[in-house]
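# Overview (structure and organization)
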Amino acid sequence: MENESYTLNFKSVPHGTETSKLIYFKKTKDLFEFFWSTFRRNYEEIIIVTDEKIAELKNVKEFLEISKEKHAEIVTIPTGEINKTFDNVLVMLNRALSKGFSRRCTFVALGGGVISDMCALASSLYKRGAQLQIIPTTLLSMSDAAIGGKTGCDYGAYKNMLGTFYPANTIYFCPEFLDSLSKKEYYSGLAEVIKTAMLYDKDLFELLKSDTRKVKDRDEVILYDAIKKCSIAKSRIVEQDITEKDIRRQLNLGHTFAHALESVAGFGVVPHGCAVAWGIGRALEMSLNLGYCSKEYRDDVFELLELYGYCTKAIPDEIKNLEDAGARLIEAMKQDKKNEPGKICFILQKGLEDTVIINVDEKQIKKVL
Ligand SMILES: NC(=O)c1ccc[n+]([C@@H]2O[C@H](COP(=O)([O-])OP(=O)(O)OC[C@H]3O[C@@H](n4cnc5c(N)ncnc54)[C@H](O)[C@@H]3O)[C@@H](O)[C@H]2O)c1
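All values reported here derive from a predicted model rather than from experimental measurement. Within each chain, residue numbers correspond to sequence positions counted from 1 in written order. For this predicted model, a pLDDT threshold of at least 70 governs which residues receive local features, and a threshold of 80 or more governs which side-chain atom pairs are given and counted, while totals over whole chains, interfaces and linings are taken from all residues. Hydrogens are left out, water is left out, and the side-chain values use all remaining heavy atoms of the structure.

### Here's the deal with helix 8 (residues 202–210)
Condition: Under the scheme applied here, a residue whose accessible area is under 20% of the maximum for its type counts as buried, over 50% as exposed, and between as partly exposed, the area being computed with a 1.4 Å probe on protein chains only. Working definition: helices are DSSP H or I runs of at least four residues, strands are E runs of at least two. Numbering for both runs from the N terminus. Each C-beta atom gives one direction from the helix axis, and the arc is the one those directions make. Residue contacts are counted whenever heavy atoms from the two residues lie within 4.5 Å of one another. Under this definition, polar contacts are N or O atom pairs within 3.5 Å; protein pairs additionally need one hydrogen-donor-capable and one acceptor-capable atom, and for neighbouring residues in sequence, both atoms have to be side-chain atoms.
For helix 8, the full list of buried residues reads L204, F205 and L208. Projected onto a plane normal to the axis of helix 8, the buried residues spread over an arc of 105° and lie on a single side. Relative to its buried face, helix 8 has exposed residues pointing more than 90 degrees away, namely D203 and S210. On the buried face of helix 8, the contacting elements are helix 7 (183–200), helix 9 (212–216), helix 10 (220–240) and helix 13 (295–307). Looking at where helix 8 begins, the residue whose side-chain oxygen comes 3.2 Å from the main-chain nitrogen of D203 is D201.

### Details of the site of the ligand
Worth spelling out the cut-off: Each residue is tested against the molecule or strand, and it is near if at least one of its non-hydrogen atoms lies within 4 Å. Surface exposure here means Shrake-Rupley accessible area, sampled with a 1.4 Å probe, where a residue is shielded only by the protein chains that are shown. The nonpolar class holds Ala, Val, Leu, Ile, Met, Phe, Trp, Tyr, Cys and Pro. Asp, Glu, Lys and Arg form the charged class, and all remaining residues, Gly among them, are polar.
The immediate surroundings of the ligand are formed by 25 residues, with D51, E81, K84, T137 and T138 found nearest. The side chain of T79 places a nitrogen or oxygen atom 2.8 Å from an oxygen atom of the ligand. Between the ligand and K150, the relevant distance is 3.0 Å, taken from a nitrogen atom to a main-chain nitrogen or oxygen of the residue. Protein coverage of the free-state accessible area of the ligand, which is 870 Å², stands at 93%. Mapped onto the shell around the ligand, the elements with two or more residues apiece are helix 2 (52–55), helix 5 (113–125), helix 6 (139–145) and strand 7 (158–162). In terms of residue class, the shell around the ligand is built from seven nonpolar, eight polar and 10 charged.

### Quick word on the pairing of strand 7
Selection rule: Strand pairing is defined by DSSP finding a minimum of two bridges between the two strands.
Judged from the two bridges that link them, strand 6 (residues 153–155) and strand 7 form a sheet pairing that is antiparallel. Across the sheet, residue Y155 finds its bridge partner in strand 7, namely Y158. Taking the residues between adjacent antiparallel strands as the criterion, strand 6 and strand 7 are bridged by two residues, where G156 takes a positive phi near 60°.

### Some details on the sheet that holds strand 4 (residues 106–111)
Put simply, the test is: To define axes, lines are fitted to C-alpha atoms, for helices over the stretch in contact only, and angles between the resulting N-to-C directions are given on a 0 to 180 degree scale.
Pairing is parallel in the open sheet, where six strands are placed in the order 1-8-5-4-2-3. At either margin of the open sheet sits one strand with a lone partner, and together these are strand 1 (21–24) and strand 3 (73–77). Pairwise comparison of adjacent strand axes, ignoring direction, gives a mean angle of 15° for this sheet. By the bridge criterion, six bridges tie strand 4 to strand 5 (residues 131–136) in an arrangement that is parallel. In the sheet register, V108 faces strand 5, and the bridge partner there is Q133. In this fold helix 3 (residues 58–69) packs onto strand 2 (46–51), strand 3 and strand 4, with an angle of close to 155° to the strand it touches most, strand 2. Taken strand by strand, helix 4 (residues 86–98) contacts strand 2, strand 3 and strand 4, and its axis lies near 165° from that of strand 3.

Shown next, in the form of structure tokens:
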């Protein structure tokens, strides 16, 4: 006999906001002025989250001083992936709670992807969802992490294991922040720009190939344009599939490999974007092995990756001395959130702007590691 049952039908549960506004600035001064001009009253409940390194940047320091005068709460988290912990999410939540902030308060992430992911997670949890604004300060967060509502922190040995989907109300972009970024972090972000170009923007791919010098020199005009193109391309995909059931999975090009590398090397050893660049190379090698893409396209991408100094070797130097590095990478890949039980999912390409999502067996994975 069948048990009695009843199905509840809900309208979709709202994510903190139904719209995200992207605003682009040329100068950080204009961005900060605009930011405060949108909060008309001085007694708004605002909690600004940043990290120790960013808080020391000259233009940010001034902004934080003004923010304090306007009674904003400032939370400064130690810098780096190693601090992307649930404990630090709790630090943010405890601050808002200790100040008695209502659910109408605004969490403002001022930083790279580590800060925006954690601050967005805190915002989504605070009294079941507060307001969220993001001011990305790294190339990686401007071109990728700040957009699309994925929040999270690392847990145990695995990346981004705890998280929610919670898009920001407003995201403020400005390439001037990138002047102070270290070379390592700049190239980490550039990998996500290359990824987006491969997925959605042939012209940007060509520009990255032809204008290498200007890109390496952080030409403001090129960066402004590239950031705009990448953030809008990602937004268009996310609009169609916020919870990553379908087309959004394309954005994970290189990421199954990258997350495994980051996990095996230890968080923070290989910058996220550099792991992604290596992962893109491995994904293209796999695409070639499985007959999806031509040798010409694989070589074209390898050439671009090498032009910017990314690793295209099967096993990167950071883990080459580990015993069974390849097997360890595969074990880590099995934990990837995109997988269906018993399968490992990869984003591969047939060519520029031509992407496929498939499950691949271990034999094929071993061939590229
Ligand atoms: N939510 C998403 O969709 C998404 C997408 C991609 C990556 N991510 C996450 O993003 C994180 C990586 O982000 P990231 O690369 O921005 O790292 P990050 O936030 O750790 O920043 C990198 C370093 O740069 C410093 N920094 C930031 N801005 C600076 C500036 N303007 N000048 C000088 N130094 C500055 C930071 O203090 C830090 O030391 C990872 O945790 C990854 O999982 C999230």
